[in-house]
Amino acid sequence: MPATADLQLDWLRAFVTVVDAGSLTAAAPQLHRSQSALSMQLKKLEDAVGRPVLARGPRHLDLTPTGVELLGHARRLLELHAETLAAVRGPAISGRVSLGVPDDYAATYLTPVLRSFATRHAGVEITLVCEQSTALIPKVQRGELDLAVVTRDRPQRGTLLFQEMLVWVGAAQHEAWRREPLPVAVYEPGSRARREALAALMAQRRAHRIVYNSSSLAGHLAAVESGLAVAVLTRCSVPPGLLVLQARHGLPALPAIEVSLVRSKASQRSAAAEALHEQVLRTLRRDA
């Protein structure tokens, strides 16, 4: 294909989605395409551009200099396309919608949701509430929030999005995991991560004591980085500077938790809430 070929929107959408998702594996469900089909679209895009836009490493994808240049233009073209469709198809959705999400999920998973939603529904105002699942679920039940991405507190709560691993973390320079009894930072009572951590230590018969108790992710990170304690975090929230602890560090195995999308009854009448509900499912729901 000559380098002067037109850039097709499907190719650009595949490119942007892969960049945002971090891999072809994560992007494929969002676009309802196979990994091989996505790979073919990226190949056609690179043929049309005349240069590689992605450097494929063993574990991740990196943007080439051409890819960095193309990314901003691709986003603007997709936004303009969405605006054009909205203009010719009729009145755009407007209004307000409230979304709750814990800090650890927000940092990793929320950006592609909000970016895609804003592109499609620029007239909707989103109120974002970042709290722990133990606080978000009751707020949805009372109708104070329209939607929330939460850790399931019981089976069948909401619509399952994906599973997230729980992991022990510590600071390598402090080696708090060697202390007896083990100093532990835990989340608030009722937290699934807290319950699983303490249950695992009890099953292992590991002597331990709670030295830090908070619902704040930032507080947990500070406790671990200072050497005060080890903590249990979701895998997605572990920063590069902390060490994921395993059996060789003397810590027990932890289970995966289920992350789901819950919705208030009152939001069923809101077009804005319905649109955001569908966007979250389209972006984050993984095939079983």
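Coordinates for the structure precede this section.
Below, the structure is looked at part by part. Remember, it's a predicted structure, so these values are computed and weren't measured experimentally.

By the definition in use, this model includes zero disulfides. Left unpaired, cysteine 130 is separated from the closest cysteine sulfur, that of cysteine 236, by 13 Å. Judged by its relative accessible area of 36%, cysteine 130 is partly exposed. On the basis of relative accessible area, cysteine 236 is assigned to the buried category, the value being 19%.

Right, let's get into helix α5 (residues 103-120). For α5, which comprises 18 residues, the first-to-last C-alpha distance of 25 Å matches the rise-based estimate of 26 Å (1.5 Å per residue) to within 8%. Its axis deflected by about 55° at tyrosine 109, α5 carries its strongest bend there, up to four residues before the proline proline 112. Of all the residues in α5, the buried ones are Asp104, Tyr105, Ala106, Tyr109, Leu110, Pro112, Val113 and Phe117.

What follows covers the pattern of salt bridges. Summed over the entire model, instances satisfying the criterion amount to 13 salt bridges. Its salt-bridge partner being glutamate 144, residue arginine 142 comes within 2.7 Å of it at the nearest N-O pair. When its relative accessible area of 54% is taken as the criterion, arginine 142 is described as exposed. Between arginine 263 and glutamate 274 there is a salt bridge; the shortest N-O distance is 2.6 Å. Residue arginine 263 is found in strand β11 (residues 256-263), and its partner glutamate 274 is found in helix α9 (residues 271-284); the two are separated by 11 residues along the sequence. Each of the salt bridges in this network shares a partner with another, and the network as a whole consists of Asp20, Arg75 and Arg115.

Quick look at empty space enclosed by the protein now. Within this structure, the stated rule accounts for one cavity of 30 Å³ or more. Approximately 40 Å³ is the volume found for the largest cavity. As for the largest cavity, its lining consists of Val184, Ala185, Val186, Tyr187, Ala193, Arg194, Ala197, His220 and Val232. Those elements that provide at least two residues to the lining of the largest cavity are β7 (182-186) and α7 (192-204). Of the residues assigned to the lining of the largest cavity, the class counts are seven nonpolar, one polar and one charged.

Conventions we followed
- Residues numbered from 1 in each chain as written.
- Predicted model: local features only at pLDDT ≥ 70, side-chain atom pairs only at ≥ 80, totals over all residues.
- Heavy atoms only, no water.
- Disulfide = S-S within 2.5 Å.
- Buried < 20%, exposed > 50% of the residue type's maximum accessible area, 1.4 Å probe, protein only.
- Helix = DSSP H or I, 4+ residues; strand = E, 2+ residues; numbered from the N terminus.
- Expected span 1.5 Å × (residues − 1).
- Bend = angle between axes of the 7 residues up to and from the residue.
- Salt bridge = Lys/Arg side-chain N within 4 Å of Asp/Glu carboxyl O.
- 1 Å grid on protein atoms, 1.4 Å probe; cavity = no way out; pocket = protein on both sides within 12 Å on 5 of 7 lines; lining within 4 Å.
- Points joined across faces, edges and corners; volume = space filled by probe spheres on them.
- Nonpolar A, V, L, I, M, F, W, Y, C, P; charged D, E, K, R; others polar.

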